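Summary of structural features
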Amino acid sequence: MQLMVLYTKPARLTVFLFALLVLLAVVGCSGASQRSVAPTSEGSELPSDLSKIGEAYGILIDEHVDHGTIEPDKLVDGAIRGLLASLDDPHASYLTAEQHAREQEGYRGFFEGIGARVTLTDAGLTVIAPIPGAPAEEAGIRPGDIILAVDGERIDHLTLIEAVNLIRGPGGTAVTLLVRHADSVENVSITVTRGRIPIDSTTFRMLDDGIGHLWLYSFSDTTEQEVRDALDEFEDADGRALILDLRNNPGGLLAAVIDVTELFLDGGPILYEIDAQGKRIDHEADRGGDARNIPLVVLVNQFSASASEIMAGAIKANERAQVVGVTTFGKGSVNITRELSDGSAIYFSIRRWYLPDGTQIEGHGVTPDVWVDSETETLPIPFDEDVALQKAKEILEMNLSAP
């Protein structure tokens, strides 16, 4: 997610991040002891077993030793969290109305928070990458870090969204994180002063020999236009070849990654999805992508996840370019936010996606054509220190010089 954790607008799809959800800027009704059972949003009746919730609610309201101070809304919120926890869906979370409203702030074009992309792994809340120049990076947060506690409160029992909301907050305020770096067994305390972080999803620079370096670090509403702008800059500089850098990219919006990927293809499959009913949904690239003829190499690493895996996998499957780096993260589900009647929301997985050759990315990732582990922590870095970037440039120069 985006601490940066990338979420969706209500009823809008995102390939997560966690992935991606965002520490940048980055569920439900009051009730009486007697509550009627309403039909679901699809018109089907709720299971009769759910009447037990009403029974338990009434007993607690009447008989619990602290029944006079019980807040009904908290009981309802807890019941919803329990439903989501039973799904065995690592991305399922509940947002209160306040949390959901805060999450929507991201669509203003900025977040307030520490500026780090995070996800949940077996080890705990894991940093995919700090955003370059954001408070998290400046304070010493690194890719692969495990966040164990926030302001002294352990977070191993929290969902991804709950942990993110605990870490984020208004710019200028401080938060203290208990962190274990990926290369250490010791825990360290890091205090980060939150800031206002703009949501740009690309950076572009020209290297020498007419080779451009386009780094995509998320997929949002603006990414396609940012890529188009970079391609214009590349053309103005008489660019000859392009390195597309997806390292440390945690994902983002499904529609965005499809739009960006087809810029580099001349038709062909991008991915397909299988939904909860077993229905297959195919996504094909339109022919004539603007960048289809630009010599290309794609860079990935172990923190390339979700939407970035779709792009790398589609380019590899269509034999458009070589993929260089290490096996990617392995996040292959589509998640959605559904807003409830009181402004709260639930976030959960609705589909799994597959690469054109049928490979399920969840738990496996995309395997590169050329293996290069540069152990890069923050990007971009000087060219002479970036082994993977040097390898990508070498491949392109060889291809350009070939008869």
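Residues numbered from 1 in each chain as written. Predicted model: local features only at pLDDT ≥ 70, side-chain atom pairs only at ≥ 80, totals over all residues. Heavy atoms only, no water.

**Here we look at the confidence of the model for the protein**
When pLDDT is averaged along the protein, the result is 83; 84% of the residues meet or exceed 70. Taken as a whole, residues 1–44 scores under 50 in pLDDT and shows 230 contacts with residues more than four places along the chain or in a different chain. (pLDDT = per-residue confidence, 0-100. Contact = heavy atoms within 4.5 Å.)

**As for the sheet that holds strand β17 (residues 322–325)**
The strands that make up a sheet are held in pairs by hydrogen bonds between backbone atoms, and each pair lies either parallel or antiparallel. The mixed open sheet is built from six strands, whose spatial order is β11-β12-β13-β16-β17-β20. A single partner strand is all that each edge strand has here, and the edge strands are β11 (202–206) and β20 (370–371). The sheet strands contacting helix α6 (residues 223–236) are β11, β12 (211–216) and β13 (241–245), and the helix crosses β11 at an angle near 5°. (Pairing = 2+ DSSP bridges. Helix = DSSP H or I, 4+ residues; strand = E, 2+ residues; numbered from the N terminus. Axes fitted to C-alpha atoms, helices over the stretch in contact; angles between N-to-C directions.)

**A look at the pattern of salt bridges**
Per the stated rule, a full pass over the model turns up 15 salt bridges. Put simply, D208, D209, K393 and E397 are held in one network by salt bridges that share partners. (Salt bridge = Lys/Arg side-chain N within 4 Å of Asp/Glu carboxyl O.)

**So, unusual backbone geometry**
A positive phi is found at D209, a non-glycine position, where the angle reads about 60°. The phi dihedral of N248 is positive, around 60°, even though this residue is not glycine.

**Some points on the nonpolar core**
Core analysis: the largest hydrophobic core is formed by 41 residues, its most contacted members being L216, F219, L242, L244, F264, V298 and M311. For this core, the secondary structure elements donating two or more residues are β12, α6, β13, α7 (254–261), β14 (268–275), β16 (296–300) and α8 (307–317). No other element matches the six residues that α8 contributes to this core. Setting aside its immediate chain neighbours within four residues, L216 contacts S201, T202, T223, V227, L244, D245, L246, N249, V260 and M311. Listed in part, the 20 residues of the second largest apolar core include V127, L160, L177 and I190. (Core = buried A, V, L, I, M, F, W, Y, C linked by side-chain atoms within 4.5 Å. Buried < 20%, exposed > 50% of the residue type's maximum accessible area, 1.4 Å probe, protein only.)

**Some thoughts on the environment of T328**
Tracing the backbone through its elements, the reader meets T328 in the loop between β17 and β18 (333–339). Residue class for T328 comes out buried when judged on its relative accessible area of 5%. For T328 and N301, which are 27 residues apart along the polypeptide, the C-alpha to C-alpha distance reads 5.5 Å. Excluding anything up to four places from it in sequence, T328 contacts V300, N301, Q302, S304, E309, H364, G365 and V366. Here the side chain of T328 touches E309 through a polar contact of 2.7 Å, side chain to side chain. (Polar contact = N/O pair within 3.5 Å; in protein donor to acceptor, adjacent residues only side chain to side chain.)

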